[in-house]
Amino acid sequence: MKIAEGDWLSFYRGETTFTATQDKVVYTDMVKGTPLRMDQTITLIENSINWKIDLETTMEFPVLIGDLGIPFPWQTPGGATSQDIFEKGFVKHHYISGDGSFIFFAKPSGEPPFLLVTTGANTHFEYFNNQDTYTAYIHSGRTAEIDTSGTWRQPHTTRLLQPSGEEGSSLSYSFNIEWADSYDDLRQKLYERGLFDIRVVPGMSLPSDLTAKFSLHTQNIIDSIVPEFRERTTLKNLGEPKPGHHIYEVDFDRLGENMLTIYYNGGRKSYLEFFSTEPLETLYKKRSSFLVNSQQHRVPGKWYDGLFSIYDMKNAVLRGPDNTDGYDYWWGYVLASDDPALCKAPYVAAKNVWYPDGDEIEAVEYYLEKFVWGGLQRTDKETPYPYGIYGTPNWMVNRDPVLRAGVKNQNLDKMNIWRSYDYPHIIMLYFHMYQVASYYPDMVKYLDADGYLERAWQTARAYFIYPYEILPWYDTYKWGCYNEVVIEELITALEEKGRNEEAAWLRNEYEKKVKYFIYDDHYPFRSEYAIDRTAFESSYAFARYGTETSMQPDTNLWYDVKLTKWWSHPSVNRSDAREFMDRQHLAGLAVRGWLETKYFLLGSDFTTSSDRHCLSYMAKMGGWSILDYGLRYATEPFDWLQLGYASYLSSWALMNTGTGESDYGFWWPGKENDGAMGWAFMSAKSGPAWIRKDVDRGAWFYDGEADLGLGAAFRMAATVLADDPLFGWTAYGGTLVKGNRRMEVIPRDGVRSRFWIVDSSGSTGIELNRDGFMKEMPVSWSERTGTIEFIIENRTGDTHTTRVTISSSQRWEILRDGNKVGEYNPGDSFTELQISGKSNSITLKRKR
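Throughout, a residue's number is its position along its own chain's written sequence, starting from 1. Whole-chain, interface and lining totals are the exception, using all residues; otherwise, since this is a predicted model, local features are given only for residues with pLDDT of at least 70 and side-chain atom pairs are given and counted only at 80 or more. The side-chain figures draw on all heavy atoms in the structure; neither hydrogens nor water molecules are used.

Asker: Could you give an account of empty space enclosed by the protein, naming the residues involved and the relevant values?
Answerer: Points on a 1 Å grid over protein atoms alone make up a cavity when a 1.4 Å probe fits among them but cannot get out, and a pocket when they form an open set with protein on both sides within 12 Å along at least five of seven lines; lining residues each have an atom within 4 Å of a point. Grid points are joined across faces, edges and corners, and a volume is the space filled by probe spheres set on the points. Applying the stated criterion across every chain yields a total of five cavities of 30 Å³ or more. Within this model, the largest cavity holds a volume of roughly 110 Å³. Lining the largest cavity are 13 residues, and of these Phe128, Trp152, Lys598, Phe600 and Ser683 sit closest to its centre. Residue polarity follows a fixed list, in which Ala, Val, Leu, Ile, Met, Phe, Trp, Tyr, Cys and Pro are nonpolar, Asp, Glu, Lys and Arg are charged, and the others, Gly among them, are polar. Here the residues of the lining of the largest cavity sort into six nonpolar, three polar and four charged. For the second largest cavity, the calculated volume is near 60 Å³. As for the second largest cavity, its lining consists of Leu255, Gly256, Phe275, Ser276, Thr277, Glu278, Met655, Thr657 and Phe666. Working definition: helices are DSSP H or I runs of at least four residues, strands are E runs of at least two. Numbering for both runs from the N terminus. In terms of residue count, strand β21 (residues 268–277) provides more of the lining of the second largest cavity than any other element does, three residues in total. Per-class residue counts for the lining of the second largest cavity are four nonpolar, four polar and one charged.

Asker: So, the sheet that holds strand β7 (residues 91–95): which residues are in play, and what are the values?
Answerer: Any two strands with at least two DSSP bridges between them are considered paired. Pairing within the open sheet is antiparallel, and its eight strands lie in the order β1-β2-β3-β4-β13-β9-β8-β7. Unpaired on one side and paired on the other, β1 (16–20) and β7 mark the two borders of the sheet. In this sheet, adjacent strand axes meet at a mean angle of 15° when their direction is disregarded. Convention adopted: a line fitted to C-alpha atoms gives each axis, helices being fitted over their contacting stretch, and angles between N-to-C directions are expressed from 0 to 180 degrees.

Asker: An account of the pairing of strand β2 (residues 24–29) is requested, with residue identities and associated values reported.
Answerer: Bridge count for β1 against β2 is five bridges, and the pairing is antiparallel. Bridge pairing links Thr16 to Asp29 in β2. Here β1 folds back onto β2, and the loop between the two strands holds three residues. Judged from the six bridges that link them, β2 and strand β3 (residues 36–45) form a sheet pairing that is antiparallel. Following the sheet pairing, Lys24 is matched in β3 by Thr43. What sits between β2 and β3 in their antiparallel hairpin is a turn of six residues, with Gly33 showing a positive phi close to 100°.

Asker: How would you sum up the packing of helix α4 (residues 280–294) against helix α19 (residues 706–716)? Please name residues and give values.
Answerer: Relative orientation of the contacting elements α4 and α19 amounts to 135°, with a least axis distance of 12 Å. Between α4 and α19, the interaxial angle falls into the category oblique. Handedness of the α4/α19 crossing: left-handed. Here α4 contributes Tyr284, Arg287 and Leu291 to the contact with α19, which in turn contributes Asp707, Leu710, Ala713 and Phe714. For the contact of α4 with α19, the class distribution of residues is five nonpolar, no polar and two charged. Under this scheme an angle from 65 to 115 degrees is roughly perpendicular, one under 35 degrees roughly parallel, and one over 145 degrees roughly antiparallel; angles in between are oblique. Put simply, a crossing is left-handed when the front helix is turned counterclockwise from the back one by less than a right angle, and right-handed when it is turned clockwise. By definition, residues are in contact when any of their heavy atoms lie within 4.5 Å.

Asker: Report on the layout of surface pockets, specifying residues and quantitative values.
Answerer: Considering only enclosed or pocket space, the second largest pocket measures out at about 1000 Å³ in volume. Taken together, 40 residues line the second largest pocket, and the ones lying closest to its centre are Trp330, Tyr333, Glu528, Tyr529 and Trp690. Put simply, the parts of the chain that give the lining of the second largest pocket at least two residues each are α6 (338–342) and β28 (681–689). No other element matches β28, which puts three residues into the lining of the second largest pocket. Taken together, the residues of the lining of the second largest pocket sort by class into 18 nonpolar, twelve polar and ten charged.

Asker: Describe in detail the environment of Ala4, supporting the description with residues and values.
Answerer: Here Ala4 is to be found in the segment before β1. With 339 residues separating them along the chain, Ala4 and Cys343 place their C-alpha atoms 58 Å apart.

Asker: Go over the pairing of strand β13 (residues 170–180) with me, naming the residues and quoting the values.
Answerer: The side chains of a regular strand alternate between both faces of the sheet. Pairing of strand β4 (residues 48–57) with β13 involves nine bridges; the strand directions are antiparallel. Considered in β13, the bridge of Asp54 is made with Ser172. The pairing of strand β9 (residues 114–119) with β13 spans six bridges and is classified as antiparallel. For Leu115, the partnering residue across the bridge sits in β13 and is Trp179.

Asker: How would you sum up the packing of aromatic side chains? Please name residues and give values.
Answerer: Here a pair means two rings of Phe, Tyr or Trp (six-membered ring of Trp) with centres within 6.5 Å. Their orientation is stacked below 30 degrees between planes, edge-to-face above 60, and tilted elsewhere. Scanning the entire structure with this criterion turns up 78 aromatic pairs. Ring centres of Trp51 and Phe175 lie 5.5 Å apart, and the angle between their planes is 45°; this geometry places the pair in the tilted category. Here Phe175 lies in strand β13 and Trp51 lies in strand β4, a separation of 124 residues in the sequence. When the ring of Phe196 is compared with that of Tyr264, the centres are 4.8 Å apart and the planes differ by 90°; the resulting orientation is edge-to-face.

Asker: I'd like to hear about α4, residue by residue, with values.
Answerer: In a helix, the anticipated span is given by 1.5 Å times the number of residues less one. Compared with the 21 Å implied by 1.5 Å per residue over 15 residues, the 20 Å span of α4 between its first and last C-alpha is a close match. To sort residues, take the accessible area from a 1.4 Å probe on protein chains only and compare it with the maximum for the residue type: under 20% means buried, over 50% means exposed, and anything in between is partly exposed. Restricting attention to buried positions, one finds in α4 the residues Leu280, Glu281, Leu283, Tyr284, Lys286, Arg287, Ser288, Phe290, Leu291 and Val292.

Asker: Can you lay out the sheet that holds strand β39 (residues 800–807) for me, pointing to particular residues and giving the numbers?
Answerer: Each strand in a sheet pairs with its neighbour through backbone hydrogen bonds, running either in the same direction (parallel) or in the opposite one (antiparallel). The strand order across the open sheet formed by six strands is β31-β30-β34-β35-β39-β42, and the pairing between neighbours is mixed. Each end of this open sheet is capped by a strand with a single partner; those strands are β31 (728–732) and β42 (831–835). The average undirected angle you get between the axes of adjacent strands in this sheet is 15°. As paired strands, strand β34 (residues 754–759) and strand β35 (residues 762–768) are joined by six bridges and run antiparallel to one another. Within β35, the position partnered with Asp759 by the bridge is Gly762.

This is a description of form; function is not addressed.
Listed below in C-alpha cells is the structure:
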C-alpha cells in the first residue's frame, strides 16, 4: 500500500485478533495508529465456505492498494507409496480471467471430489505468480512496476481508498470454496456462482482455415464481446439454443494471439484467449522442411555428422556439440541424445509416410547412416548388446570411458544403453521408414523395406531386454514410454511378413506390460517421476489393447528383480481392461486443462500445476487417448471429442510460422525462423524453465521435445463430424456445409486420412493407411440414403494398393468408381483398394 507520494509499504499484520461462533470465524487486523483495517470473515453456508475480505481506511488520508494477492498453499503430490502420491496430494487448475476467474484442485488419481474456489461479487483475479507460494492477485499494479520482464495480457490494476468516513473508504472482496462431485458438477457450480461455464469447438489454437464456436453458459447479462483486433475478426452471435447457453462463432484473420473481452452485467469483464495458426497441412509440412533444412548438421568428419539438433529461435541459430549455449557435459544430452534430439527424425519419417518428399527422406537416411548406426546405436556386429541405444549425454562420450567418467560418477561399470525411453524413438523411426520404403521403394537408398523392418524388430527386442537387465531402476514393464504404442503396428507388420516367431516374442513382451498396467498397479501413471503425464499415451494404449485382444491367463509371467517376486495373472478378462481404461482416463484428466479456456490451457498437459510449464509433447500424446476414447468407447462421447480435439490443436500454437504479412512468425519473427518450434509454454509473465533458461510468457525459444508431440499428431489427426448436443452438427478439423439431404465436410485436419461420424446412435470411422481424402473436396454423408462418399487422392500418381479400415457396428458395401469392390462386417480388419490415376471415388453404402 502507499500513502500520498510515500514509499510502498506492506500492510501491518502484527496483532491479528480472532473471534468465532458456531458457523463463522472472523480474523481482524487492526491496531491503533495504522491506516488500514482488514477483516476476514469465514462463514459456513450449507455445503460451502464463504470467505469475505473487508478493507477500510482508519485515518484522514487516502490509501492506494498496489498489490492484493491471495496465496494458495496446497499439498502437492508426494509420498512413499503410490496411494500417498495419487490420493493424498493435489494438482492445481487455475483460470485467471478477470471477473470470471476460478481455481480448483484435483487428486492425481482424478477421482472426485474436486475443491473449487470461485470469485464472488466485485472480485476478480488479474495476475498470478509462483515465485514462492502460488499467489493469485486481485490487484497487481505494484508488481507490474517492479517486474518489467515478459508480457501479460490482462490489465494490472490498483485501488484507491478514500480517507476514513468518506465515500469510497472501504471495499469488500469474497470467494466461495466448495466441493464438486464431477466435472459436470464443477461446470454447474460455475454457473450457479455467477461465473461462466465455457465450451469451445474445435479448440482455441485455431487454424486460419477453420472457424470456432463457443458457448457461454451463464446467468449473467452479456453486454458485448469485443475482439482485440476488430477489423481482423469475424464474430457472430448464433443465439441461445438452450436456456442460458449463448453460442457464438468466431474466426480470425490475424495470426497469433487473439483475445475476446466479454463485457457483462454493466461493468464486469472476462477474457477468452485464442491463437490463430496457419492451416494444419501447412504446419505439418513446414515443420518437416525446417527440420531438414535448418536443424540437421551436415559436417563430414565430425562425430555428430547427420545429427538433428535443437534450434534457438531467439538467436536464429542451430545449436550443437560445438555451439552449446551452456548445454555442456551431462547437459549435453539436450543437443545430441535423449528425447530433445531423438524425436526429430521420427517426425520427419512419419510425415513422409503421408507426404513423401525425396530430400526429406534422404535427410533421414543420412542421419541413420552417419549418426545412428554404429554411433548412437550399436550395430548387429557389436557385442555384447547389439542394437543397444546409447543414452546421455551422447554416444560419443558413452563410447569413450575417460570422457564418460568426466560427466558421471556412478554406474561406470555398466554399458550406458539402459534408458528405456530412448528405444521407442528409434523403433518409431525405423517403423515409419519401413512404411516409406514399402509405399515408395524408389525413394529410399540406405535400406529397403525388409531392412528397416529388421532394424525396427531388433531395436524393439533390445528395448525389452537391455535396460531392465543392465539397470533395473528403469522399470521397462512398469513405466509408460512415449511412442511405444508403435510396437503394436510393428507386431502386425511382422505377422504380415510371415515372421511369426518374432511377432509372438514381441507380443508376449508387450503383454507383460499391458497386464502389469491393468492388474498389478492401481496407479501405474509414473515415469522417471513419481507422477508424470508421460504415462497417459501408453496407459490408454494398453487399456485399448486389453479391451480388443483376448490375452491368456499366466503363471510366473516375469520376474521382478527389484521386488524379488514373480508376476502372475490367473484371471484375465477384457472387461478388466475396459475398467482400467476409465480409471486411467480420469487420472489423465487430472493433469490436463479442461475447464480452463485459454489456448495454452485448454487441452494442455501439466504435472502438478500449469503455472510455468504447459503445452508440452503430452498435450497431443495424452490427448490422443482422450480423442480416441471419445470416438470408440465412451458412452457419452461429446465431452471427450471436445477436449480431445482441443488437445490435438493446442500445441500447434508453439510453432513459429507465418506469412510475409506476419513476418513469418508470432513468437520470433523473421523468415529464418519460419517453421521453428517452442519446446513448451511459459504461462507466467516470465520465469525459469527447467531447461536452465529464463523464458518470457509464450513459447520457449528452444524446440527440444516438442517433436515428440508432433510425431504423435499423425496418430490422432482426423476430421470428425459430430452431432454435438449443444453445438449441433459440428466438423472438427473440417469445414461443414449442411444441405437438405446430405452434409458435406471438407477435411482440413492436416493429414486427411481419417474421417469419423459420431451421433447419439454410435460412431463410424474410416481410416486410410496412405494417400488421403482429396484436398479441398468434401466427404459427404447422407443419413437418409445411408451413404458416405469421398475421393481418395493418389499422392504418388502410380498404381498401388491403399488399405481402408472401417470402424463401425453396422455393415457396409464398398464401391470404387461406382463398382462394388468389397463389403465390411463388424469385426473385419481392412479392405484393400487398388488406386490409380489422380484419384478414385469411393462410396460406402450402409446395408440394412
